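Below, each chain spelled out in residue letters.
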Number of protein chains: 2
Amino acid sequence: MGIHQSELDKRMEHFRSGCIKAGLKLTQQRLEIFKALAARDDHPDAEALFSSLRSHMPTLSLDTVYRTLWLLNDLGLINTLGPRRESIRFDANLRQHHHFVCLRCGLTRDFESDLLNELPIPEDAHAMGKVLASQVELRGICDSCSQIEAL
Amino acid sequence: MGIHQSELDKRMEHFRSGCIKAGLKLTQQRLEIFKALAARDDHPDAEALFSSLRSHMPTLSLDTVYRTLWLLNDLGLINTLGPRRESIRFDANLRQHHHFVCLRCGLTRDFESDLLNELPIPEDAHAMGKVLASQVELRGICDSCSQIEAL
DNA sequence: TCCTATTTAAGAATTATTCTTATACAGGAA
DNA sequence: TTCCTGTATAAGAATAATTCTTAAATAGGA
């Protein structure tokens, strides 16, 4: 799905060295799961990866897909999209605004910025569809988590 | 949690007129659920709202909180944060990039932009914590959904 | 090749969310 | 105001995503 072989090779190499550096075993499952994910750019969920892998690996378990993905996420070898949330969160603020998300505790705070409200939309994005809204998501460590880490 | 009375009044008024316009009954539950959400700015989930309301409304059910929040979301009276996702999605693309999310089908596509990679961070956001990364999320309707709607 | 800590498969368990159904109530009509 | 009726709710069962438990398998070093 739109990933060039050279890019895929690069991702696989980065994955291998990352695993070795972390002292992780290079199991068949980890290699296949990462490769399946790295080969596509449509952000599949665990179930979708699992289905696509079952034909090659009939004994693969869904649990292994989840464990592997979270493990790689913790190592920084992949990312989850948007803020990690245990459940969907809601927001009553209808004004255009932006988010600061704490990577540790999940705290999500709004902020406003006239400048960020008027971002230039790249041609690439227009090619994907009709853009109706834009917002900026900042990720970082909130003050309260910073204090805890400083202990 | 940081919402001024005047802002809360404004939100409540918008909510009331929105319900009436949509022909919805102004039940005690809807008023309380919306008010509880509108009064805070920390993006609670349904469970958190439910707990905070139970003391006033011992017979309130969690299901009603969910139904009400999704209903208000559909009416545009509140928003969910980030892309609606049935399950958490993963991403192997480690380069800085941005997202286009289709509001209809949930399709999420990456795009890159040097310009958007270097956004000015407002002072307000710095005050919330240490900013480590930024990304732009565009919401809209993808080409394929636009075609379906045009039928 | 052998050994052992790590990893996996399988399925049970858990948690968030939605569905089902009988009851309650908002708001219009009398 | 009181009655009526469609809409909304409570309660708990059902479902779906994710995680846990445990016994078996295996990567990689000795």
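For the structure, check the block above.
Let me sum up the structure you'll find in this document. From a predicted model like this one, the values you see are computed outputs, not experimental measurements.

1. Describing helix H1 (residues 5-21) of chain B
Residues and elements named next belong to chain B. Helix length check: H1, at 17 residues, gives a terminal C-alpha distance of 24 Å against a target of 24 Å (1.5 Å per residue), a fit within 8%. Of all the positions in H1, only Glu7, Leu8, Arg11, Met12, Phe15, Gly18 and Cys19 are classed as buried. What you see down the axis of H1 is that its buried residues fit within an arc of 135°, all on one side. Within H1, the exposed residues directed more than 90 degrees away from the buried face are Gln5, Ser6, Lys10, Ile20 and Lys21. Where H1 is buried, its residues meet helix H2 (28-38) and helix H4 (62-75).

2. Description of the pattern of salt bridges
Residue and element names in this part refer to chain A. Across all of its chains, the model carries 12 salt bridges over all chains by this definition. Linking Asp63 and Arg67 is a salt bridge whose minimum nitrogen-to-oxygen distance equals 3.1 Å. Of this pair, Asp63 and Arg67 both sit in helix H4 (residues 62-74), 4 residues apart, which is roughly one turn of the helix. Here Arg139 makes a salt bridge to Glu137, at a shortest N to O gap of 3.1 Å.

3. Some points on the sheet that holds strand E3 (residues 98-102) of chain B
Spatially, 6 strands are ordered E4(A)-E3(A)-E5(A)-E5(B)-E3(B)-E4(B) in an open sheet, and the strand pairing comes out mixed. For this open sheet the edge positions go to strand E4 (108-111) of chain A together with strand E4 (108-111) of chain B, each flanked by a neighbour on one side alone. Direction aside, the axes of adjacent strands within the sheet are offset by 30° on average. Looking at chain direction, strand E5 (residues 129-142) of chain A and strand E5 (residues 129-142) of chain B are connected through 13 bridges and run antiparallel. Bridge pairing links Val131(A) to Gly140(B) in E5(B). Its contacts with the sheet place helix H7 (residues 143-150) of chain A against strand E3 (98-102) and E5 of chain A together with E5 of chain B, and it is angled at close to 30° to E5(A).

Parameters at a glance
Residues numbered from 1 in each chain as written. Chains lettered and ligands numbered in written order. Predicted model: local features only at pLDDT ≥ 70, side-chain atom pairs only at ≥ 80, totals over all residues. Heavy atoms only, no water. Helix = DSSP H or I, 4+ residues; strand = E, 2+ residues; numbered from the N terminus. Expected span 1.5 Å × (residues − 1). Buried < 20%, exposed > 50% of the residue type's maximum accessible area, 1.4 Å probe, protein only. Arc of directions from axis to C-beta. Contact = heavy atoms within 4.5 Å. Salt bridge = Lys/Arg side-chain N within 4 Å of Asp/Glu carboxyl O. Pairing = 2+ DSSP bridges. Axes fitted to C-alpha atoms, helices over the stretch in contact; angles between N-to-C directions.

On their own, these measurements won't tell you what the molecule is for.
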